[in-house]
Amino acid sequence: MVRRTLVLLAALAIGFATAQGELEIFSWWAGDEGPALEALIDLYEQEHPDVEVINATVTGGSGVNARAVLKTRMLGGDPPDSFQVHAGEELIGTWVAADRMEDITELFEEEGFMDAFPAALIDLISTDEGIWSVPVNIHRSNVLWFVPGNLEEWGVSTPGSWSEFTGETCPALQEQGVTPLVVGENWTMQHLWESVALAELGVDAYRNLWTADLAFTDPSVIAAWETFGDVLECTNDDASGLSWQQATDRVIAGEAAFNVMGDWAAGYMVTTLELTPGEGFSWAASPGTDGVFMLLSDSFGLPVGAPNDDNAREWLRLVGSKEGQDTFNPLKGSISPRLDSDLSLYNAYLRSAAEDWANDVQVGSLVHGAVAKEAFMSEFATVMEIYLNSGSAEAASNAAQAVANQVGLGN
Ligand code: GAL
């Protein structure tokens, strides 16, 4: 009798707790970018077995394709229940500014997220009116990747500056028939550009670009484009056809010495290629940026009009939880911003990233949404095309300034 009552009570409790219906999550984490998200979705499905999760992905590194599809859906009144969005201006200057997001301050309070996340990160996802997304990770943009055994064989070491790279490292590698630095499609060039710009301008001037306190037409920025051009002389000539994973593959195959990419590359090398950090691959801050952590954070928000609002809120609770983050991030190649994250679950690369994140000066990534609104980010691809077609630092700087003026960068 007692047993039957207990069973009945348990069934009732489950009945009350059980969410139903669907949950559509929208992101660009498809294919070999997918395992971390899939692990998080598995956790959700364990907690909510009656919810059908639709993992809607639009493939393409850095969200180049997904963001365009998202825009069409949002503007067409067909939002997903929750979507991947970078913390910072991609969220605030785009979707929050357009009144398309729900304020989730209450959820932050209920889940203890106000204390679990660093205040500076909460700032990145907040305005005076509310809190607008839940960060799932911290990625680092300015990382130089290489295979230690290969560098040894070629007799080179990691360059400490771009002038050392172009002046010494690059010719030494070219003489041996090795591509000094591999780059891929347009956005990966922009990714390289932000690291070069950070190194050449320094932290304060780099930050000033995004607040419109430094013009793109300033001679220092033109000089940074010129350095970028020198660096491109040391890269492969089939860049436009390569994804970021294919660029990483060239480093691993020993065809190229270095690659500058975010630390999702570590996720790919560990989770997909099954390499050991420090042996199969190693890392350094991109030249000239030691002590600076260029960050970005993937987050999930709740769009206005989400068809399954309750299920989406349950998703956001999981995304921000310690268990959710410590499941997702070791696979993703990112660290958890939660102050109580269990570092023993993370590999050697990620532990070193966590230490740098805690100790370095932090700046935000352009390409990955931290510092500029979507309108500027997407037009920067055109600026890059102008540079690649003309080879003119002035033309690129003028174009960047024109876009900044047009979109009101920094406002
Ligand atoms: C970034 C994103 C990362 C990773 C990368 C490559 O924008 O924040 O999580 O997916 O693109 O696609």
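Provided above is the structure to which this section pertains.
One structure accompanies this document, and this report is about it. Along each chain, numbering runs from 1 in the same order as the chain's sequence is written. Where totals are concerned, whole chains, interfaces and linings use all residues; where local detail is concerned, this predicted model gives features only for residues with pLDDT of at least 70, and gives and counts side-chain atom pairs only at 80 or more. Side-chain numbers come from the whole structure's heavy atoms, not from hydrogens or water.

Focus: the overall build of the protein chain
Then step 1. Secondary structure summary: the protein chain contains 19 helices and 14 strands in total.
Then step 2. Taken over C-alpha atoms, the radius of gyration comes to 22 Å for the protein chain, in line with the 22 Å a tight globule of 411 residues would show.
Then step 3. For the protein chain, the spread of C-alpha atoms along the three principal axes comes to 85 × 50 × 35 Å.
Then step 4. Relative accessible area decides the class of each residue, using a 1.4 Å probe on protein chains only: under 20% of the type maximum gives buried, over 50% gives exposed, and in between gives partly exposed. For the protein chain, buried positions account for 56% of its 411 residues.
Then step 5. Sequence separation of at least 24 residues holds for 77% of the intrachain contacts in the protein chain that already meet a minimum separation of 6.
Then step 6. For the protein chain, the accessible surface area stands at approximately 16300 Å², while carbon and sulfur atoms represent 49% of it.
Then step 7. Across the protein chain, the 16 positively charged side chains and the 62 negatively charged ones have centroids separated by 9 Å. Going along the chain from the N terminus, every DSSP run of H or I of four or more residues is numbered as a helix, and every run of E of two or more is numbered as a strand. Here the radius of gyration uses the C-alpha set of atoms, whereas the globule reference equals 2.2 Å times the residue count to the power 0.38. Two residues qualify as a contact provided that any one of their heavy atoms is within 4.5 Å of a heavy atom in the partner residue. Only the protein chains shown count as cover for residues, with accessible areas throughout obtained via the Shrake-Rupley method and a probe of 1.4 Å. Positive charges are assigned to Lys and Arg, negative charges to Asp and Glu, while His and the chain termini are left out of the count. Where a charge lies is defined by one atom per residue type: Lys uses NZ, Arg uses CZ, Asp uses CG and Glu uses CD.

A word on the side chain of Asn259
Then step 1. Relative to the helices and strands, Asn259 resides in strand S10 (residues 256–260).
Then step 2. The class of Asn259 is buried, set by a relative accessible area of 4%.
Then step 3. Within the structure, Asn259 has its side chain in polar contact with the backbone oxygen of Val182 (distance 3.0 Å). For this analysis, a polar contact is any N or O atom pair within 3.5 Å, provided that within protein one partner can donate a hydrogen and the other can accept it, and provided that sequence-adjacent residues contribute only side-chain to side-chain pairs.

Quick notes on the nonpolar core
Then step 1. Membership of the largest hydrophobic core comes to 71 residues, with the highest contact counts inside it found for Trp145, Phe300 and Trp315.
Then step 2. Of all the elements, helix H2 (residues 35–47) adds the most residues to this core, at six residues.
Then step 3. Each of domain 1 (2–139 + 298–360) and domain 2 (143–288 + 372–407) contributes no fewer than three residues to this core.
Then step 4. Of all hydrophobic cores here, the second largest spans 59 residues; its members include Val196, Ile222, Ala239 and Ala400. The nonpolar core is taken to be a set of buried Ala, Val, Leu, Ile, Met, Phe, Trp, Tyr and Cys residues, with the residues joined through side-chain atoms within 4.5 Å. An automatic or database domain assignment supplies the start and end points of every domain.

In short, geometric facts, not functional conclusions.
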